[in-house]
Structure formats: C-alpha cells, structure tokens
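A look at the structure
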Amino acid sequence: MKKTTLISIAISALVLLTLPQFLRNYGIYLLTYWLVFVLATMGLNLTVGYAGQKSLGHAAFFGIGAYTVAILLKAGISWWIGLPAAAVLCFVVGLILGFPALRVQTIYLAFATLGFNTAVWLLMRNEEWLTGGTFGINNIARPGLPGISLDGNLAYYYFVLGVTVLLSLLLWGLLRSPWGKAFTALRDNPIRAESLGVDIRNYTLLSFAIGAVYAGIAGALFASLVQFIEPAPFAVAASIMMYLMVVVGGPGYFLGPVLGAAVGVVLPEWMRDAPGVADWYLPLFGAAVVVLMVGLPDGLLSLPDRIRDRKAARAASAARAQAAADAAGAAQGAAKTGAM
Amino acid sequence: MAQSLLKVSGLKKAYGAIQAVGGVSFEVMPGEIFGVIGPNGSGKTTLFNSMLGQITPDEGKIELNGEDVTQLGPLELNRRGVGRTFQTLQVFGKMSVRDNLIVAAQEHSGTMLSRIFAPGDSNLGAKADALIDRFRIRHVAHKKAGELSYGQQKLVDIAMAFMSEPDLVLLDEPCAGVNPSLVGGISTLLKDLNHNPQFEKRSSFVVIEHNMDFVMDLCHRIMVMVEGQVMAIGTPAEIRANKQVLDAYLGN
Amino acid sequence: MTDFLQLFFSGLATGSIYALAALGFTLLWQAAGTINFAQGEFVMLPAFMMLAFIGFGAPLMLSFALTALVSVVVLGWAFKRSLVDPLFKFGMMPIVVATIGLSIALRNGLRAGYSAEAHPFPSLFADKLFSIAGVTITLADVGTLVLALLIVSATQAFLSRTVTGRAMQAVAQNTESASVLGINVPRMIFYTFAINAVLACAAALLVTPTYLAKFDMGESLGTKAFFAAIIGGFNNSRGALLGGLIVGVCENLAAAYISPAYKDAVALVIFMVVILFKPQGLMGRKEERKV
C-alpha cells in the first residue's frame, strides 16, 4: 500500500477514535448519526454506483431493518437476534426488488423502486398492530454487551464505529475480488458483459440484495440510536436524500458515501449553527448541492481524477505545441540550408 | 467425416413481412476461418445475432460440437466456448485495458461464490499481459479503455473475445472504421491466433466483413449471402471465379 | 349519485392542473432527458411573482403575462444554461440530484427570504355556482377544466402540427438524427424548457386561488404531478393528461368516501399499482434495452 494511503488511514483512525472525546453529547450523537448513514449509503453506492442500477427506494430497507429490530425487541427477542433477522429479511426483499431490474430499464426501474418504497412506507403507516402506525415504536433499547452498557452516547458511538468499519472492510474485500470488475462491467456495458460470460442476472439481483443488507443493518443501528422510530424517516424523501448523498460523494468511489453522508447529515447541521445563517441554512444547502453537482458531476471524490485529467490534457497540448514549434524550426533551418 | 464445430441448418428469421434470413445452412470445421460476405441487408447481422442467442430464429437449428444450442442465450453460449466482437465498439470505457481483458475471462473459472475469495485478477494477469504484448498495446495497457484511439480500442475488443480461449469466435466487421494501415495488422493477428496459438486451443472464426481484400486474404472458406439466402460457399478462389457472385455483389 | 358527480367533476378540475405540470415533466424528459425534481417549485415561484406584480397594481392577466415572460427567461433559459447544459452528458444522476438541490433551495429560500405564510390569490373566475341536473358545480371548476384542457390541447397541437413542434418531437425521439437533418437542436430543447415554464405558470394561475400561495405548495403538487406523469406514461404527452385527471378524480373520491387522511396516499397507491402491472405507464410505450 502506498505510504500516503497508510498515513491517511492512520490519521482518519486517530480522528475517528479521539474526536468524540472533545465533543458534547449532541456532537457525539450527530457523529453516530453520520456513521449510520455512511453504512446505509455504502449499500446504495454498491447498487447504484458500482453496479449501475437505479434505486430510489433504499430508505425502505433502512426502515425494514429498523422496524425488524424494534418489533422483535418489543416481543422480548434480543437485538443480537434482531440484527441478523433484519439482515436476512433485507437480503431476501432486496433480491425480490432486483427482479424488476431484470426486465425494466433505467428510469422505469427508478420508478419501480419508488413504488416499492411507497408500498413499504404505507405498510409501516397503516399496519398499527405491527408497527404502531404513525405513533411508531418507542423505548427501543440499545444492544447489550457483556459488561458494557451502550446506553451512553459515547459508548454507542464506538460500537457503531466498530460495526461500520467491519462492514466497510467486508465490502472493500468484495469489491477487490473479481466481483468488483463484474459489477463494473454490468454497469458500463451489460450486453457486452453478458457476451463475455458475466451472469448479469445474478449480479444485478445481488447488487440489490447486498445493498439492502447494508441499509438494513444501518437501520437496526439507527433504531437503537434514536430509540424511537416512526415511518417518516423511511419514506421516499429519505430515499431521495440517500441517493443525493451517493451522487454528491461520488458514485463508484469507495469512500464516496463517507463524504456524501457528511454532506447530507452533518453539513446542514453545521450550517444551521453557523453565525448569521439561521433560517437560510436549508436554501444554502440546496444551493451548495446545485453548485457541487455542476462543478463536479461525478461527485466530490472525482476531484483528484479531474485534476489529473486536466494536467494530462495540458501536458499533451504543450507537447503538441512544442512539437509544432520544433517542426517549424526544423523546416526553417532546412529552408535556410536549401537556399544557400 | 470430422465433426463440424458449428452447424447451421435451415435457419429462418422474419421481421414482420421481411424475411431477413430465409433458410441458411452451412458448417464451420474446427480450426477454420469462415467468412460471411454480402450486400447490406442480406441478413448477415440477423444470422449472427441468431447464432449468438441474441434473437431466437423462427425455424432451423444451430449445433455447436453436435449439441443443439438454438434456444440458448448469449451467456450460455459464451460458457460453451463462443466469443464475439460487436460491430459498434464495446469495451468497458472506465476500466483499464488490462482489467477489460481480465473481466473478459474471469467468469470462466470457479463459481460466483468461489470468486469472492479469488485474487482480484483471478490469476489472469499473466494471460492478459501476454495478449497485450501480442496485440502490441503494451504502451496503453494501463490507461482507461475509453481513452484509447478507435483503432486501439478495436484491438482491445478483439483481444477480449480471445481471453477465455473460445472454440469459436464471431467477429462482426472487425475492420469497420479502422485506419487502413491497421487492417493488415489485424489480419496478421487473426491468422496468428488461428494457426499458431500461444494457448493450447486453436480458435475458429466466423467473420463478417465488407473489406474484400481482407476477407479473401484471411479466410479459408467464404459464404456469400444475398437477400437472406446463401448464394455460394467456397474457397476465396472459387468465390472470386463464381459468375453469379460477381454479378450480384463483387460487381461488374 | 349527485355527490359522486360533483366530486368527479371537481376532481377533473384539480386533475387538469396536475396534468399541466405533468405535461411539462414529460416534455422535459423526452426532449432533454431531464427529471426535474424542482417542478413543483417551478409552479410555486410564478405564483408569488404574480402576487408581486399584483401588489404593484397590475391586473391579474397582465401579471400572468409578465410572470410568464420572466419564467421563460429564468425557469426556462437560465435553468437550462446553468444546470442542464453542463450536466447533460454526465447522465441522469447529476441532473436529478442538482434539481433536488434546486428544489430545496427554492422552497426554503422563499420561506427564509420572503414569507412562511399562506397568501390568498385572486381567482380568474367569479364566485358563481351552476346547477346542472341537480349537480352543483363552481364556475372556477368549469373554467379551470376548460382552460387547462385548452392549454394542453394547444400544446399538443403545437407539437404535432407546426414545423417547430415537429422538429421538437424529432429532437425528443432521436437527437443525433435530428441534428443531421439540420434541426437546431439546442434551440428546440430551449423551446421545451420555455413551454414547461409557461405550463407551470398556467398551473400556478389555476391552482393557487384554491390552495393559496405558500412556500411549500410546490412539494405536494410536484409529487402528484410526478406520479401523474408516470401513471399516464412518462414517454407520452397524452399520458400526462390522463394521469393527471385520474389522480385528481381518485383523490377527491377517496377523500370523500374513505377518509381525508388518505387523500395524499391515493396518488401513491395508483402509482404503485400501475408500476407493478405496466411500468411504462398506462399510455406509455415499452422501451427496449439498447446495446
């Protein structure tokens, strides 16, 4: 691994581990909130950024994860059983959502995922016997660890950090394996990919399923973080925000969700607290998103590539100019000798 | 009689009232380079797409090594050793050239599950490098495929088709849009891959092309299609001497 | 039965307004591959602008004309130049997210910068009631429906019967061929944005009297127009009309016969059902996966 990469990892680890010690309760809470969304949008980045699918219903899986854990807790079942249950349920539902993706393309797939999100949201809202309807579920407990209480915000932050890092490493491993190239092939040219033996059917289904699992686990963590859930954070608007986070961060870049979730979750809060901003934090946020998109359409993490491309282009045109000058000089020289 | 690698019998495909392919039969023997020529609209591309599982023929049979593969799709055909290039360039623009070659063969080893634990290049790095050297694109191998010139991308395209060591490669107008100076190079490459393989297998080709010199020079046998029917099948010399073909296509 | 007819008719009126916004949506998608998540705000802003002109003493129709002009420049030309043109070649994702940001910015910008309250808006139509076969209908409903239908028909006629309109259709179907044929593609695309701006203004003129001008009026309207466009068929302009009317009528009926709480859910439910069985919409054409 490059030295610069190692140093960056070391610094990030240091910051993530020590920063909360300097923050007040709300700051720690916000940081945890950000981590949860990093995890959720990592899943979406796989589906949309790496595999090139359209998914505007990701928040539904977030909600399925949250409600699964919450409902099971209410029934006296441990969080540690609720978590894998949420993961499995999301995997299965994600697979099912992948099937329309096989038959329906681009924008119509986006609509289908919107429809799916809507259906799940309606279920959450109306099935009071199961989900508490609009009243939601409250008093959601934190997971129990032997000897350690996660009730404090700081302790829970470290727990969520651990889970997020672990799952990120797993995803990293997956993307570095041949699966990573298969997903990219699926994204860039599915017809060609199929003619080379890439099973685009299976990879499409799995891109939805795995993405869903990440959102589901994030949802479980979310439920215990906020300790009260109701259908609103899992509606279409939330899916659209998650999509925004992936695109702003940089689809197909592994750390895109880290930046994207920061922009989507942390940035508005910072802006709200900035002096003089007050009610203008939302319109400024919206404007910032527009400017970001026009300036960096491939996302924030595309900046280094862009700079590199521009340097290469400049070097290439400089080389051409030089070559032209040399040729002109040589021709002149030849003309002179010829004329003598 | 040696078994044919590919046997097409009575293939028919109509689009509404238009009979694009109206009863085509031919055989390709192992190790052969088989050319398909004919005017535009003669049904060559429809024939190809049927052979590649992209469309299902109305009638007729396609056999690969004796197995009936008429109903199979592109994925199954590829798994059975059929590769192809496309008429319009189809490389993965955002991946490096080397990665393009790796992904072209990686799905042929192991199962999806086992591939999660395989190394990133599926141990295909050496093979990819060998093909890169053979195709003389070492100097651009590290670049993203989308950044290459058209001719270079064409070479990558062809190389990709060969990575999985297919028995049969279908080449759809490999010279289309390519600088004339490069055509000779492609011809040499293909002959090399056919006669003198680096890998143990000798690949057979079916080539659609309009560049007559290229086809006559490269192919062992040529089939002439006109209006969805086979007009003639023979060696280049036989085709060149065939009066019917000359009148209809090669032009008087 | 008379209740039903009443609800049906006023639902048609509301639905025809959704149809205006939905039509703009589908036009932008077809001609410029743009999904405009800020479409609702494109209706909200003209509403406030008209109020501003009225505040300066201009009569309603003059305010509308002036606003339409400004909208064509700002919501048509400026929107296209600054947002759509630079992002067009990067695919759908950046444009979608940029319009989401735009929507947030416009909606909350108006609230922070002007007013968070609901403002009354003058109606084009006098406060009259008609009674036909025992069914009571307001003049506003009739007027709205007639006017909206006229505008939609006019737009359709423009698109299919004039040279410019047909050129716009050509651009929508196949941009490359269109430019090869000598059609000024950028200008045709601009016309699409301009028409969308005017349609949004018209929607504002017709809807604001009932629902009042408020910074968030675009949210619900935009969502419903979006669903209406999808229900009707996103690649078909006539679908927008059908979708809008269906949503308008069903909403009204649901609010009365089931419960007012379900009014907003209706568009969602219809949308879901249509997506399940006919993802390309009721009048949409199936689009093939391209190589």
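Residues numbered from 1 in each chain as written. Chains lettered and ligands numbered in written order. Predicted model: local features only at pLDDT ≥ 70, side-chain atom pairs only at ≥ 80, totals over all residues.

A word on the overall build of chain C
On a plain count of helices and strands, chain C comes out with 11 helices and two strands. From first element to last, N terminus to C terminus, chain C shows the α and β order α-α-α-α-β-β-α-α-α-α-α-α-α. In summary, chain C has a C-alpha radius of gyration of 19 Å against a globular reference of 19 Å for 291 residues, a match within 12%. The dimensions of chain C, computed from C-alpha atoms along their principal axes, are 60 × 50 × 35 Å. Buried residues in chain C amount to 51% of all 291 residues. Once local pairs closer than 6 in sequence are excluded, the contacts in chain C between residues at least 24 apart make up 74%. (Helix = DSSP H or I, 4+ residues; strand = E, 2+ residues; numbered from the N terminus. Rg over C-alpha atoms; globule rule 2.2 N^0.38 Å. Buried ≥ 20, exposed ≤ 12 C-beta atoms within 10 Å, placed from the backbone. Contact = placed C-beta atoms within 7 Å.)

A word on the interface of chain A and chain B
It is common to give the size of an interface as the accessible area lost on bringing the parts into contact. Taken together, the contact pairs 19 residues of chain A with 27 residues of chain B. Elements that contribute at least two residues to the side of chain A that touches chain B include exactly helix H7 (153-176), helix H8 (178-188) and helix H9 (190-195) of chain A. For the side of chain A that touches chain B, the element with the highest residue contribution is H8(A), accounting for seven residues. When the residues that make up the side of chain A that touches chain B are grouped by side-chain class, the tally is seven nonpolar, six polar and six charged. (Nonpolar A, V, L, I, M, F, W, Y, C, P; charged D, E, K, R; others polar.)

A few points about the domain arrangement of chain A
Domain annotation of chain A identifies domain 1 (14-298) and domain 2 (303-340). If you average the C-alpha positions of domain 1 of chain A and of domain 2 of chain A, the two centres end up 50 Å apart. (Domains from an automatic or database assignment.)

A word on the confidence of the model for chain C
All names here are of chain C. Considering every residue of chain C, the mean pLDDT works out to 86; 97% of them sit at 70 or more. At the level of individual helices and strands, chain C shows its lowest average pLDDT in helix H7 (residues 175-180), which scores 77, and its highest in helix H2 (residues 39-55), which scores 93. The ipTM value of the predicted complex is 0.86, and its pTM value is 0.87. (pLDDT = per-residue confidence, 0-100.)

What about unusual backbone geometry?
One non-glycine residue, Ser122(B), lies in the positive phi region at around 55°. Its location among the elements puts Ser122(B) in the loop between helix H4 (112-116) and helix H5 (125-134).

Points about the nonpolar core
Judged by nonpolar contacts, the single largest core of 268 residues is most densely connected at Val36(A), Ala19(C) and Ala203(C). Take this core: its biggest share by element is 17 residues, from helix H8 (residues 185-211) of chain C. The residues touching Val36(A), leaving out its near neighbours within four places in the chain, are Val160(A), Ala218(A), Leu221(A), Phe222(A) and Leu225(A). (Core = buried A, V, L, I, M, F, W, Y, C linked by C-beta atoms within 7 Å.)

Some remarks on helix H3 (residues 97-106) of chain B
The buried fraction of H3(B) amounts to 10 of the 10 residues, a majority that puts the element mostly inside the structure. Inspection of H3(B) places Val97(B), Arg98(B), Asp99(B), Asn100(B), Leu101(B), Ile102(B), Val103(B), Ala104(B), Ala105(B) and Gln106(B) among the buried residues, and these make up the whole buried set. Those residues of H3(B) hidden inside the fold are in contact with H8 of chain A together with H5 and helix H6 (150-163) of chain B.

A closer look at the sheet that holds strand E7 (residues 168-172) of chain B
All names here are of chain B. Read across the open sheet, the six strands follow the order E6-E7-E8-E3-E9-E10; overall the sheet is mixed. Either end of the sheet is taken by a strand with one partner, and the two such strands are strand E6 (82-84) and strand E10 (229-234). Each neighbouring strand pair of the sheet contributes to a mean axis angle of 20°, computed without reference to strand direction. Strand direction decides the pairing type here: strand E3 (residues 33-37) and strand E9 (residues 221-226), joined by four bridges, are parallel. Across the sheet, residue Gly 35 finds its bridge partner in E9, namely Ile 222. (Pairing = 2+ DSSP bridges. Axes fitted to C-alpha atoms, helices over the stretch in contact; angles between N-to-C directions.)

A few points about the sheet that holds strand E2 (residues 18-28) of chain B
All names here are of chain B. Strand order in the open sheet made by the four strands is E2-E1-E4-E5, with antiparallel pairing throughout. On the outer flanks of this sheet lie E2 and strand E5 (67-68), each paired with one strand and no other. Sheet topology places strand E1 (residues 6-15) next to E2; eight bridges connect them, and they run antiparallel. Residue pairing in the sheet places Val 8 in a bridge with Phe 26 of E2.

Concerning the pairing of E9(B)
Each regular strand shows side chains that alternate between the opposite faces of the sheet. Of the strand pairs in this sheet, E9(B) and E10(B) are connected by five bridges, and their pairing is antiparallel. Bridged to Met223(B) within E10(B) is Ile233(B).

Some details on the packing of helix H3 (residues 60-87) of chain C against helix H4 (residues 92-113) of chain C
Residues and elements named next belong to chain C. Between H3 and H4, whose axes approach to 9 Å, the crossing angle comes to 155°. As the angle between them shows, H3 and H4 are arranged roughly antiparallel. Once H3 is placed against H4, the crossing between them reads as right-handed. Across the interface between the two elements, Leu 83, Val 84 and Leu 87 from H3 touch Pro 94, Ile 95, Ala 98 and Leu 102 from H4. (Parallel < 35°, antiparallel > 145°, perpendicular 65-115°, else oblique. Left-handed = near helix turned anticlockwise from the far one by under 90°.)

Some words on the packing of H2(C) against H3(C)
Two quantities define a packed helix pair, namely the angle between the helix axes and the distance between the axes. Residues and elements named next belong to chain C. The N-to-C vectors of H2 and H3 enclose an angle of 135°; their axes lie 9 Å apart at closest approach. Compared by their axis directions, H2 and H3 come out oblique. With respect to the hand of their crossing, H2 and H3 are arranged in right-handed fashion. Counting all contacts with H2, which are made through Phe 42, Pro 46, Met 49, Met 50, Phe 53 and Ile 54, the residues of H3 involved are Leu 60, Ser 63, Phe 64, Leu 66, Thr 67, Val 70, Ser 71 and Leu 75. Of the residues in the contact of H2 with H3, the class split is 11 nonpolar, three polar and no charged.

Some words on the interface of chain C and chain A
Taken together, the contact between chain C and chain A spans 29 residues of the former and 29 residues of the latter. Of all elements in the fold, only H3, H4 and helix H11 (263-277) of chain C reach the threshold of two or more residues within the side of chain C that touches chain A. In terms of residue count, the dominant contributor to the side of chain C that touches chain A is H4(C) (12 residues). The class makeup of the residues in the side of chain C that touches chain A is 23 nonpolar, four polar and two charged.

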